[in-house]
Structure formats: structure tokens, C-alpha cells
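In case you want the letters, here they are:
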Amino acid sequence: MTELYFLPAAGGDFLWLRYGPSCSAFHNIIIDSGYKSCCLDFCSIINHICKVGESVEAILLTHYDNDHIGGFLNWLRLNSRNMPEIRKIYFNTGQGIAKAFGLESGTPTFEQYRQYKSANCNYSVNNAYSIMELLEAKRLLPFLCPCQVMKPDPVILTDGATIRFISPSKQSAIQYSKMFVAEPRNKDIVNYGGSAPRAESWEDLDALMEARAMVDTSISNGGSLAFLFDYEDVHLAFLGDAHASICVDGLRLLGYTKEHPYRADLVKLSHHGSARNLSLDLLDLLSCDDYLISTTARKLERIHKMGIALLLHHHTPIRLYWNCHYPNLFTARDEECYLETGALTMYRLDLGESTRIVRKEGLTLYGRL
């Protein structure tokens, strides 16, 4: 039995994975936590886990960007009496990476950081340090795993489930760790105001298949955790905001090839479905027909439609699952060639408590809590 809750995340990422031999014996994995406004949903999950007497097998925060750590950070700030057993927290930190690879760490200690955190670090790094401080205060720091990179050996979970990390690489993790150095930084401000343009201002899917997107060069995304989850006959890939090229290297390290790809039941696409974080090489190694896109309508841009075009260019049919309302992305030609033919099927999972999709026997996908 595996259940995956694909939660609205205010434009970030937030997933709750439950697995176990029966519906009365679940183990819980929380993947990211959306923006700080998602704290109420995070609290609801924790309260449910406490109520039914379960534990949290793992919390995975893919990287320090606020659309991934906000809900967890706000939950830590609460004086909640409900605290289940939390076995592992996977969250790469500058200190953890430096220690793991024997590097000279320029990252400050907690005490040094407190002296100049507001002035000298960007907002996301401030929040990453705040998480570490709060983990220390709540005696959860011993459960923190502060350095994970791609490796062939799996993390063994309860009842034989496994996690295998395919991102970051050692090199990208080291670059990521340098972002924790407290030097003056200007926070990059992105304005997603308003809704996305209507499809008339974008090309047809066929035309976008020929377009080439610039690859993502963000250091924080390059340091993002991406991993494969396997339990019995269920196989899932969660790509965080990872770079496609790094995931390709991680999958090859595990022995996957174009002839023998990893066959996933669901893939949570990287960086909200952006074409900058997707490639034909990655799709060759990650065989799947069903993809999750975590975003909001206000964040949708042409680059995301390019991502859909790339999926369709690789193979059809495909199915896309959204945790949000999306505007009209498609032209009349798109409708005729892809939606009406069944080459592309779209599902919304934000339509209320009744949203439930049985992906296959033993794997159910849910929307809202």
C-alpha cells in the first residue's frame, strides 16, 4: 500500500508519502513543505501522524529555497505539543557538506551567524540557518543528515523501502555549500504578478518541440536533492529542483541506460516542470508516462509549456497531474493533435477532498488533505 498526497504548495513543492504493508501500518515520508503559508497543512499531517500513533520515517528538504522549506520552518517555530518520532531529516547544509568532504569551511557557527544573519545572508540562507537553530533547540539536530550526494548505495527504510539519491553530485554539493558563507548578498526578486498569458501568446506544442531552452544554472537548484523511492512494486522519482544533467549522471551511476531505464510509476518533475530542468537524455533514463507538476497559475511561463512539449516529443501518450488551477495553455492545434487524441491527458488534484486517483494496484494519488 502506497499513498502519495500531492499537496497545493503555493507555488512550491510539498508531498506526503505513506507506505506500508496495510492501511493500518503506514510509514510516513514528507518531501519539502511549500512556502510558510503551507504550515497549517504541515501541522495537519503531523497531527494525523501523532493521532494514529505513527512515526515519520524521513523528512526530505530538497534544498534551502523558501518554496521548499517554508512550511517546515514555521512548524518548527510553533510550540506544538504534537511531536511524533522523526527518524531522519535529510537537508544538505554548508557545514555538513564541508565536513563530509574534508573542506575548509567558511560557513559560520550558529553563534557567529547570529551576529550578522539579517545583514549578510540572503533570505533563503537565513531560513536555512534558522532551521538548524530550531532543530538544535528542539533536540532534533541528532537526526539531521546534512550531506547527501548521488551514490550507488541505497538508504534502507522500514519494511524494505529504499531511497537512492541521484542529485546532487559531489561537485554541485560543494558549490551549494559555498552559498552558506555569510557574505553580503542581494536577494533575487522575481515578480510573478498576475496570471499567465493566454496560449495565443505562445507557440503550438509542435513548434515548441523545436525550441531549445537554456539550461538551469542556479547553484541552489544544482544542490537540490533528487531521489528514487522504491517499495515493493511501486517506483517513484522526486526531482526537487535538480539539474537534468546531474540527474542523468546519478541514474547512470545506478546502472540505468537508455536500453534499461528506471521505470517509474510517477515522476515529480524538477522546478515546476521547467524545460530548463528537463532533457531527452533524462527522459531516456527515466521511463514514465505520468508526471506531477507542482506550481501555480501565476508562475506558469512559456518555459513550462516547452517542458510539456519536450515530454510529448520524447513519447506519447503522457498524463500530467497538477496541484493547481492552470490557465488555458493550449492552442486549437494543441487541442486537436494532443488533447482530443489522448496523446496528452490532464488531471487537476486541487479540487477538494474527493480528488483520488488509483494509479495502479497498491498506489493511490491524492490531492488536498
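Residues numbered from 1 in each chain as written. Predicted model: local features only at pLDDT ≥ 70, side-chain atom pairs only at ≥ 80, totals over all residues. Heavy atoms only, no water.

> Can you walk me through the sheet that holds strand β6 (residues 144–145) in this structure?
For sheets, the rule is that strands pair by backbone hydrogen bonds, running either parallel or antiparallel. Strand order in the open sheet formed by 8 strands is β6-β5-β4-β3-β2-β1-β18-β17, and the pairing between neighbours is mixed. Two strands lie at the open edges of the sheet, namely β6 and β17 (356–360), each paired on one side alone. With 4 bridges joining them, strand β3 (residues 27–31) and strand β4 (residues 56–60) adopt parallel strand pairing. When the bridges of β4 are listed, I30 appears paired with I59. (Pairing = 2+ DSSP bridges. Helix = DSSP H or I, 4+ residues; strand = E, 2+ residues; numbered from the N terminus.)

> So what exactly am I meant to see when it comes to the environment of P317 here?
Looking at the element boundaries, P317 is found in the loop between α11 (302–314) and β15 (318–322). C-alpha of P317 to C-alpha of L339: the two residues are 22 residues apart in sequence and 9.9 Å apart in space. Not counting residues up to four positions away in its chain, the partners in contact with P317 are D289, G342 and A343. (Contact = heavy atoms within 4.5 Å.)

> Help me out: how do you make sense of unusual backbone geometry in this one?
Outside of glycine, negative phi angles account for most residues, and trans bonds account for most peptide bonds. Geometrically, the link from S167 to P168 is a cis peptide bond, its omega value of 5° lying close to zero. For P168, the position within the fold is in the loop between β8 (162–167) and α6 (170–178). Residue P317 is bonded to the preceding T316 through a cis peptide linkage, with omega at 0°. Notably, D32 is not glycine yet its phi reads approximately 60°, a positive angle. Looking at the secondary structure, you find D32 in the loop between β3 and α1 (39–51). Taking the relative accessible area as the measure of exposure, D32 reaches 1% and is therefore buried. Of note, the phi angle at E232 is positive, near 50°, even though the residue is not glycine. Of note, E232 is situated in the loop between β9 (226–231) and β10 (234–238). (Buried < 20%, exposed > 50% of the residue type's maximum accessible area, 1.4 Å probe, protein only.)

> Help me understand the packing of aromatic side chains, please; the structure alone is not making it clear to me.
Inspection of the entire model under this criterion finds 18 aromatic pairs. Taking 5.8 Å as the distance between ring centres and 75° as the angle between the ring planes, the aromatic pair formed by Y129 and F180 counts as edge-to-face. One end of the pair, Y129, is in helix α5 (residues 123–137); the other, F180, is in the loop between α6 and α7 (205–209), with 51 residues separating them in the sequence. Residue classification places F180 among the buried positions, given a relative accessible area of 0%. Through a chain of ring-to-ring contacts, the aromatic side chains of F14, F42, F72 and W75 assemble into a single cluster. (Phe/Tyr/Trp six-rings, centres within 6.5 Å; stacked < 30°, edge-to-face > 60°.)

> Explain helix α9 (residues 244–253) to me, please; I cannot follow it from the model alone.
Note: α-helices contain 3.6 residues per turn, so residues at a spacing of three or four share the same orientation. Looking at α9, one finds that the buried residues are A244, I246, C247, V248, G250 and L251. Backbone geometry just after α9 places G255 at a positive phi near 95°.

> Mind showing me how you'd approach the sheet that holds strand β14 (residues 290–293) here?
Spatial strand order, β7-β8-β9-β10-β12-β14-β15-β16: 8 strands in an open sheet with mixed pairing. Each end of this open sheet is capped by a strand with a single partner; those strands are β7 (155–156) and β16 (344–348). Judged from the 4 bridges that link them, β14 and β15 form a sheet pairing that is parallel. Its bridge partner being in β15, D290 is matched across the sheet by R319. Its contacts with the sheet place α11 against β14, β15 and β16, and it is angled at close to 155° to β15. (Axes fitted to C-alpha atoms, helices over the stretch in contact; angles between N-to-C directions.)

> Before we go on, may I ask you to explain the environment of L254 in this structure?
Along the polypeptide, L254 turns up in the loop between α9 and β11 (262–263). With relative accessibility at 18%, the residue L254 sits in the buried group. When the C-alpha atoms of L254 and F165 are compared, they prove to be 9.5 Å apart, with 89 residues separating the residues in sequence. Those residues in contact with L254, other than ones at most four positions away along the chain, are K151, P152, R164, I166 and L228.

> What am I meant to see in the layout of surface pockets here?
Looking at the second largest pocket, its volume works out to about 300 Å³. Contributing to the lining of the second largest pocket are 19 residues, with A213, A275, L278, S279 and L310 lying nearest its centre. Secondary structure elements with two or more residues in the lining of the second largest pocket: α7, α9 and α11. Considered class by class, the residues forming the lining of the second largest pocket number 12 nonpolar, 4 polar and 3 charged. (1 Å grid on protein atoms, 1.4 Å probe; cavity = no way out; pocket = protein on both sides within 12 Å on 5 of 7 lines; lining within 4 Å. Points joined across faces, edges and corners; volume = space filled by probe spheres on them. Nonpolar A, V, L, I, M, F, W, Y, C, P; charged D, E, K, R; others polar.)

> Sorry if this is basic, but what is going on with empty space enclosed by the protein here?
Left-over empty space is what a probe sized like a water molecule reveals as it rolls over the atoms. On inspection of all chains with the given rule, the structure shows 1 cavity of 30 Å³ or more. Around the largest cavity, the lining residues are L239, V267, L269, L278, L282, L283, L286 and Y291. Class assignment for the residues of the lining of the largest cavity results in 8 nonpolar, no polar and no charged.

> I keep staring at the side chain of H272 and nothing clicks. Help me out?
Looking at where H272 falls in the secondary structure, it is placed in the loop between β12 (266–268) and α10 (280–285). In this structure H272 comes out as buried when scored by relative accessible area, which is 6%. Among the polar contacts listed, one links the side chain of H272 to the side chain of D67, at a separation of 3.4 Å. Within the structure, the side chain of H272 is placed 2.6 Å from the backbone oxygen of S294, a separation counted as a polar contact. Beyond its immediate stretch of four places on either side in the chain, H272 contacts G11, G12, D13, D67, D241, I293, S294, T295, K299 and H304. (Polar contact = N/O pair within 3.5 Å; in protein donor to acceptor, adjacent residues only side chain to side chain.)

None of this, on its own, says anything about what the molecule does.
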